[in-house]
Structures are given as structure tokens and as C-alpha cells.
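Descriptive structure summary
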Amino acid sequence: MTVVKSTLPEEALGVTGTALQDTLVDLLGLSLVGKQAHWNIVGPRFRSIHLQLDEVVATARAHSDTVAERAAALGVPPDGRPETIAATFALPGTKDGWLRDTEVVELMVSSLEAAIGRLRERIAATDKADPVTQDLLIAITADLEKQRWMFEAENQPHDTSAG
């Protein structure tokens, strides 16, 4: 069997491979959380949040592909199998059944916040190990922070006295 060889030293590869695999799991899981909420949201803000969830899912899926390809390029086989995601996913997830629009907003804020926190740890870990992967993780963090901000803005009370 042919194996892709890494350009990184063994220790750096270990740190980088772990960061990439854990990010892959977070992103694939986040896309599933977003789709589950997308299918089950109800409430007066259904349409706007329903569409915003599609943006999160598209962002997570696009970045998961980039992360998996980065891992493969470094000689680390990415593992996006359903059983791997189910066994290792650690972000907040949805409950069963219908979800109120307010619940979805809170869920997405907390899920994105957790993913961002984990990404920031990986950014720090890959600083010396692999600055190229670190740059990738920084870009993903920026996109997820934008999504979190949009959901957080949905959570703000409506002020009718402002004029």
C-alpha cells in the first residue's frame, strides 16, 4: 500500500494531525447539528433562522473538506466516518423533535462558541508545529465567529424605543 509521506517532523505531525482530525469532527458534527435544527425549527423567526442555518452548514462542510485534504496532504488519513463522529463529537447538540426558534438560536450560539474555543486551542498548539495549518484554523475560526455573531444578534431583545 502506498502511504503519503509528511513533510513535517514526527512530533509536529502528531500535534498537527490531532488538531486537524479534531477540527474535522467538530465541523462535520456542526454541519449535522445545523441540518437537524434546519429541519425541525418552528416559530415566528422560522424563515430567517432556517436560511441562516444553511449558511452554517455550507461553511462547516466547505471547511471540513479543506481540513480533510490538508490532513491527507500531510500524510494523516482523515476520519470522517459516521461512527467516528458519533464517538468523538463533543459540541452541544440538538434535542429530539421540534425546536423553537429561540432554542435554535441559543443552541447555535453555544455550539459555535464551543467550536471556536476548541479551534483557538488548536491555533495555539499548531503555532510552532505547522504555521500553514495554523493559518487554516485561523480562517475557519473567523468564519465561525461571523456565524456566531449573526446568531447572537438574533438573541438580542427588540427595542421599540430606539428611534
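Just so you know, these numbers come straight off a predicted model, no measurement behind them.

1. Side note on the pattern of salt bridges
Applying the stated rule across the entire model yields 13 salt bridges. For Asp130, the salt bridge is made with Arg70, and the minimal N-O distance between the two is 2.7 Å. Of this pair, Asp130 sits in the loop between α4 (101-129) and α5 (131-154) while Arg70 sits in helix α2 (residues 46-73); the two residues are 60 residues apart in sequence, bridging distant segments of the chain. You'll find Asp130 and Arg70 in the same group, each marked buried. As a salt-bridge pair, Glu152 and Arg148 come within 3.7 Å of each other at their nearest N and O atoms. Residue Glu152 and its partner Arg148 are located together in helix α5, separated by four residues, close to a single helical turn. Judged by its relative accessible area of 26%, Glu152 is partly exposed. If you follow the salt bridges from partner to partner, you end up with Asp26, Arg118 and Arg122 in one network.

2. A short note on the nonpolar core
Within the largest apolar cluster, 38 residues are counted, with the highest numbers of intra-cluster contacts made by Val104, Met108, Ile140, Leu144 and Phe151. For this core, the elements supplying multiple residues, two or more each, are α1 (10-40), α2, α4 and α5. Looking at which element gives the most residues to this core, the answer is α4, with eleven residues. Once you skip the residues sitting within four places of it in the chain, Ile140 turns out to touch Thr23, Leu27, His63, Val67 and Leu119.

Criteria and thresholds
Residues numbered from 1 in each chain as written. Predicted model: local features only at pLDDT ≥ 70, side-chain atom pairs only at ≥ 80, totals over all residues. Heavy atoms only, no water. Salt bridge = Lys/Arg side-chain N within 4 Å of Asp/Glu carboxyl O. Helix = DSSP H or I, 4+ residues; strand = E, 2+ residues; numbered from the N terminus. Buried < 20%, exposed > 50% of the residue type's maximum accessible area, 1.4 Å probe, protein only. Core = buried A, V, L, I, M, F, W, Y, C linked by side-chain atoms within 4.5 Å. Contact = heavy atoms within 4.5 Å.

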